[in-house]
Amino acid sequence: MDNFNLAYEKEKDEQLPFFTWLSCDTGIGIQTYRKIQRVFGSPKEFFYASDKSLEASGIFGAKALARLYAARRNSNPLRVFDNMLKSGIEYVSYEAKEYPWRLRNTQGCPIGLFVKGNLPEKMETAVSVIGARACSDYGEMVARELGSALGRYKVPLISGMARGVDSLSQIAAVSQGGPSFAVLGGGVDIVYPKESYKLYEYLCKEGGVISEYPPGTAPQKVFFAERNRIISGMSDVVCVVEAREKSGTMITVDCALEQGREVFAVPGRITDCTSKGCNELIKQGAGILTDIEDFVKNYISTYNSSFSMTINIEETVLDPEKEAACIPKEAKSILEVINENSFLPDEIQGKTTLSSYEVMTECMKLAMDGYLTNCGGGRFKISQKGMEFKNKFFINDLR
């Protein structure tokens, strides 16, 4: 479930400047932040902790401590945060209820997001549309048609505002009055590429521009690769319009598969280099996107219905102790060792006392009971129901 920090919500205004400092000046990731949270309680307490306390925590080595001391000496979190707000940039921390719930339940999610505009509504299905920057005329046509269809049905479209498929689909979506959100490989105050300026301005007002990087951060190649996990992590479905076999688009697909997202690909001519990635994905079992109107109208509406049913079921779940008693110990041993990433039964067999056959059998049963999701291709992923059960009965920190 979406377990944001209720205690944090009560003192959010007091903590946000120091959370922003963590993102801007320290380069601290989610795993280190969780250690900080356990030892110091909050970003503010961490910022004001004594040098002796930081050393005694055992979280940082000597070099990391030196960088941290410098970051504290040279920073004024309250002033930086105030200037950021004056620039129209908000910060949504990992602990906040506004933080995208899909993204929160992925491995390596950012400790916070810088936002101009808005974030997607929590309960809406979100679709990411990605593809080649140097797309063909065919890819351009499909990107526009797919974006337009998602816009007409008011399905949030998430992409990267890059040249080609990304920006074409987003422009088509907003032209139909649909919501769209761009995840950038630099600061949210820097428009890249420059020709997407009009789209950027529109998204800041009617959609959202999002980044894990502090304002003023210039786009870099490595940042684009890193931001791909956020694009897929905020989505339920990833649609690939065109892609070369080795490209940034395929990096996003890899992230999506690791996160247990469904992937659809648009088939193309076998002689086109920009379609080789899509054709290979289809060959490996990705969904085939051949009828855009049918995909948007039927698949997305079905996904929304299933999601609503899941929420209703979870709200009326059995008494926790009775629920735990209904799950065999073999199934519990599987839930205890998995995390939020998709997996093959053979990948976790060695972490249990079960045979490969028993692991596969229990995974199928857990999927039938709603604790796992069958992703296809023999892979499974823990469901929202499974996450809630795991958080109740196991010490392991799923997040």
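Scroll up to find the structure this text is about.
From a predicted model like this one, the values you see are computed outputs, not experimental measurements.

Asks: Any chance you could break down the sheet that holds strand β8 (residues 262-265) for me, citing the residues and the numbers?
Replies: Reading across from one edge, β1-β2-β6-β5-β4-β3-β7-β8-β9 is the order of the nine strands in this open sheet, with mixed pairing throughout. With partners counted over all chains shown, the strands left at the sheet margins are β1 (90-93) and β9 (287-288), one partner each. Bridge analysis of strand β5 (residues 180-183) against strand β6 (residues 208-211) gives three bridges, and the strand direction is parallel. Across the sheet, A182 pairs through a bridge with V209, a residue of β6. Along the sheet face, helix α9 (residues 137-152) touches β3 (127-130), β4 (157-159) and β7 (237-240) and points at about 165° away from the line of β3.

Asks: Requested: an account of the packing of aromatic side chains, with residues and values cited.
Replies: Across all of its chains, the model carries 18 aromatic pairs by this definition. The interplanar angle of 75° and the centroid separation of 5.8 Å between the aromatic rings of Y371 and F389 together place this pair among those described as edge-to-face. Taken together, the residues Y371 in the loop between α19 (356-368) and β10 (372-376) and F389 in helix α20 (residues 384-393) connect sequence positions 18 residues apart. By relative accessible area, which is 2% here, F389 ends up buried. Site record: aromatic cluster; members linked through ring pairs are F18, W21, F40, F46, F47, Y48 and F60. Above the plane of the ring of Y371 lies K385, whose end atom (NZ or CZ) is 4.6 Å from the centre.

Asks: Account for the pattern of salt bridges, with residues named and values stated.
Replies: Tallying each qualifying case throughout the model produces 10 salt bridges. The closest approach of N and O atoms between K86 and D82, which form a salt bridge, is 3.1 Å. Taken together, the positions of K86 and D82, both in helix α7 (residues 77-86) and four residues apart, correspond to about one turn of that helix. Taking relative accessible area as the criterion, K86 reaches 64% and is therefore assigned exposed. Salt-bridge contacts for R379 lead to E347; the nearest nitrogen and oxygen are separated by 3.7 Å. Taken as a pair, R379 in strand β11 (residues 379-382) and E347 in helix α18 (residues 345-349) lie far apart in primary sequence, 32 residues in all.

Asks: Explain the side chain of T20 to me, and be specific about the residues and the numbers.
Replies: Counting through the fold element by element, T20 comes out in helix α2 (residues 12-26). In this structure T20 comes out as buried when scored by relative accessible area, which is 2%. There is a polar contact of 2.8 Å between the side chain of T20 and the backbone oxygen of L16. With residues near it in sequence (within four places) discarded, T20 still touches F81, M84, Y91 and F114.

Asks: Give a detailed account of unusual backbone geometry, specifying residues and quantitative values.
Replies: The residue after Y192, namely P193, is reached through a cis peptide bond having omega -5°. By secondary structure assignment, the location of P193 is in the loop between β5 and α11 (197-206). With a phi close to 55°, K154 is a non-glycine residue in the positive phi region. Locating K154 in the fold gives a position in the loop between α9 and β4. With relative accessibility at 43%, the residue K154 sits in the partly exposed group.

Asks: Residue-level account of the packing of helix α17 (residues 329-337) against α19, with values.
Replies: Running from amino to carboxyl end, α17 crosses α19 at an angle of 85°, the nearest separation of the two axes being 10 Å. By the criterion of interaxial angle, the relationship of α17 to α19 is roughly perpendicular. Contacts between α17 and α19 pair E330, A331, I334 and L335 from the former with V359, E362, C363 and L366 from the latter. Considered class by class, the residues forming the contact of α17 with α19 number six nonpolar, no polar and two charged.

About the thresholds
Residues numbered from 1 in each chain as written. Predicted model: local features only at pLDDT ≥ 70, side-chain atom pairs only at ≥ 80, totals over all residues. Heavy atoms only, no water. Pairing = 2+ DSSP bridges. Helix = DSSP H or I, 4+ residues; strand = E, 2+ residues; numbered from the N terminus. Contact = heavy atoms within 4.5 Å. Axes fitted to C-alpha atoms, helices over the stretch in contact; angles between N-to-C directions. Phe/Tyr/Trp six-rings, centres within 6.5 Å; stacked < 30°, edge-to-face > 60°. Buried < 20%, exposed > 50% of the residue type's maximum accessible area, 1.4 Å probe, protein only. Lys NZ or Arg CZ within 6 Å of the ring centre and 35° of its normal. Salt bridge = Lys/Arg side-chain N within 4 Å of Asp/Glu carboxyl O. Polar contact = N/O pair within 3.5 Å; in protein donor to acceptor, adjacent residues only side chain to side chain. Parallel < 35°, antiparallel > 145°, perpendicular 65-115°, else oblique. Nonpolar A, V, L, I, M, F, W, Y, C, P; charged D, E, K, R; others polar.

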